[in-house]
Amino acid sequence: MRLLLDVMCGGLVAYLRMCNHDTVYAGDRGLEADDVLLALAREEGRTLVTRDVELATRAAESPGSILLEEHNVEAQLAELASAGVSLELPAEPRLCGRCNGSLEAVESDAPTPAYAPTPEEFSVWRCQDCGHHFWRGSHWDRVEQTLAQVSSGIAESNDEG
């Protein structure tokens, strides 16, 4: 899914990219004006995710929008899931959590920076755009746990309804 998050939804960026959603964050590009956001969403075919009712209404037809009402990231993730956005971590990540660039697998004999494990120990990916390295470590585990709690909460509310 191709998404554009306005500046009020920045806490969702890494989660969505880790779930392989092509996600542009307006704050990364210094964008705030509604008309500019709408134009970008149309040009790039992105669904606009916002907490701004007027902006969501303006984007509802083309390219589409998801209006979030909650402030808390976990509650916002639940709203996204309810809107049909898949929130599952893939076996092979495709997108950089920092810049949205494409990831490539690092060969097992390739060197890695000091902050990353060796590819002999873990599967490691490198962003082709910013060069940052990623692996399934404690951050991945925390995101996975959060997404499981969100899914469990949605299932419970569906059972009650």
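Residues numbered from 1 in each chain as written. Predicted model: local features only at pLDDT ≥ 70, side-chain atom pairs only at ≥ 80, totals over all residues. Heavy atoms only, no water.

## Let's talk about the environment of Asn-20
Operational definition: Counting from the N terminus, the helices are DSSP H or I runs at least four residues long and the strands are E runs at least two residues long. For every residue, the accessible area obtained with a 1.4 Å probe (protein chains only) is divided by the maximum for its type, and the residue is called buried under 20%, exposed over 50%, and partly exposed between those limits. Nitrogen and oxygen atoms within 3.5 Å of one another constitute a polar contact, given that in protein one can donate a hydrogen and the other can accept it, and given that sequence-neighbouring residues count only through two side-chain atoms.
Note that Asn-20 resides in the loop between helix H1 (13–18) and strand E2 (22–25). Residue classification places Asn-20 among the buried positions, given a relative accessible area of 12%. The sequence separation of Asn-20 and Pro-93 amounts to 73 residues, and the corresponding C-alpha distance is 6.3 Å. There is a polar contact of 3.3 Å between the side chain of Asn-20 and the backbone oxygen of Glu-92.

## Comments concerning the pattern of salt bridges
The line we're drawing: One side-chain nitrogen of Lys or Arg within 4 Å of one carboxyl oxygen of Asp or Glu is enough to make a salt bridge.
The final tally for this structure, using the stated rule, is seven salt bridges. The partner of Arg-2 in a salt bridge is Asp-22, with the nearest N and O atoms 2.7 Å apart. Placement of the pair is Arg-2 in strand E1 (residues 2–5) and Asp-22 in strand E2, with a sequence separation of 20 residues. With a relative accessible area of 18%, Asp-22 lands in the buried category. With a shortest N-O distance of 3.5 Å, Arg-17 and Asp-28 are connected by a salt bridge. Placement of Arg-17 in helix H1 and of Asp-28 in the loop between E2 and helix H2 (34–44) is noted, with a sequence separation of eleven residues between them. Each of the salt bridges in this network shares a partner with another, and the network as a whole consists of Arg-2, Asp-22, Arg-29, Glu-44 and Arg-46.

## Quick word on the sheet that holds strand E6 (residues 124–127)
So the rule is basically this: The criterion for strand pairing is that DSSP finds at least two bridges linking the strands in question. For helices, the fitted axis covers only the stretch in contact; all axes are lines through C-alpha atoms, and the angles between them, taken along N-to-C directions, range from 0 to 180 degrees.
The sheet built from three strands is open, its strands ordered E5-E6-E7 with antiparallel pairing. Strands with a single pairing partner mark the edges of an open sheet, and in this sheet they are strand E5 (103–105) and strand E7 (133–135). Going across the sheet, the axis of each strand differs from the next one's by a mean of 35°, ignoring polarity. Bridge count between E5 and E6: three bridges; the pairing is antiparallel. Each residue of the ladder has a partner; that of Ala-105, found in E6, is Trp-125.

## Some thoughts on the nonpolar core
To keep it simple, the criterion reads: We call a set of buried Ala, Val, Leu, Ile, Met, Phe, Trp, Tyr and Cys residues a nonpolar core when their side-chain atoms join them within 4.5 Å. Contacts are assigned to residue pairs with any non-hydrogen atoms lying within 4.5 Å of each other.
If you look at the biggest cluster of nonpolar residues, it comprises 22 residues, and the most contacted ones within it are Leu-5, Leu-12, Leu-16, Val-49 and Leu-80. The set of elements that each furnish at least two residues to this core consists of E1, H1, helix H4 (73–82) and helix H5 (138–160). The greatest single-element share of this core, amounting to five residues, is contributed by H5. Ignoring anything within four residues of it in the chain, the contact list for Leu-80 reads Leu-12, Leu-16, Val-49, Ile-66, Leu-68 and Val-85.

## A short note on unusual backbone geometry
Unlike most non-glycine residues, Asn-20 shows phi in positive territory, near 65°. Even without a glycine there, the phi angle at Asn-100 is positive, about 75°. For Asn-100, the location among the structural elements is in the loop between H4 and E5.

## Points about a negative patch on the surface
Just so we agree on the cut-off: Put simply, a patch holds well-exposed residues, over 30% relative accessible area, that have no salt bridge, with like charges counted together within 9 Å and Val, Leu, Ile, Met, Phe, Trp or Tyr side chains within 5 Å. With residues, only the protein chains shown are counted as cover, and all accessible areas are computed by Shrake-Rupley using a 1.4 Å probe. A residue counts as positive if it is Lys or Arg and as negative if it is Asp or Glu; His and the chain ends are not included. A charge is said to be at NZ when it belongs to Lys, at CZ for Arg, at CG for Asp and at CD for Glu.
A surface patch of like charges, here negative, comprises Glu-107, Asp-109, Glu-120 and Glu-121. Here Glu-120 falls in the exposed class, since its relative accessible area comes to 67%.

## Comments concerning the pairing of E6
When E6 meets E7, the two strands line up antiparallel, connected through three bridges. Note on E7: the bridge partner recorded for Val-124 is Trp-135. Following E6, the chain reverses through five residues before pairing antiparallel with E7; Gly-131 in that reversal takes a positive phi of roughly 80°.

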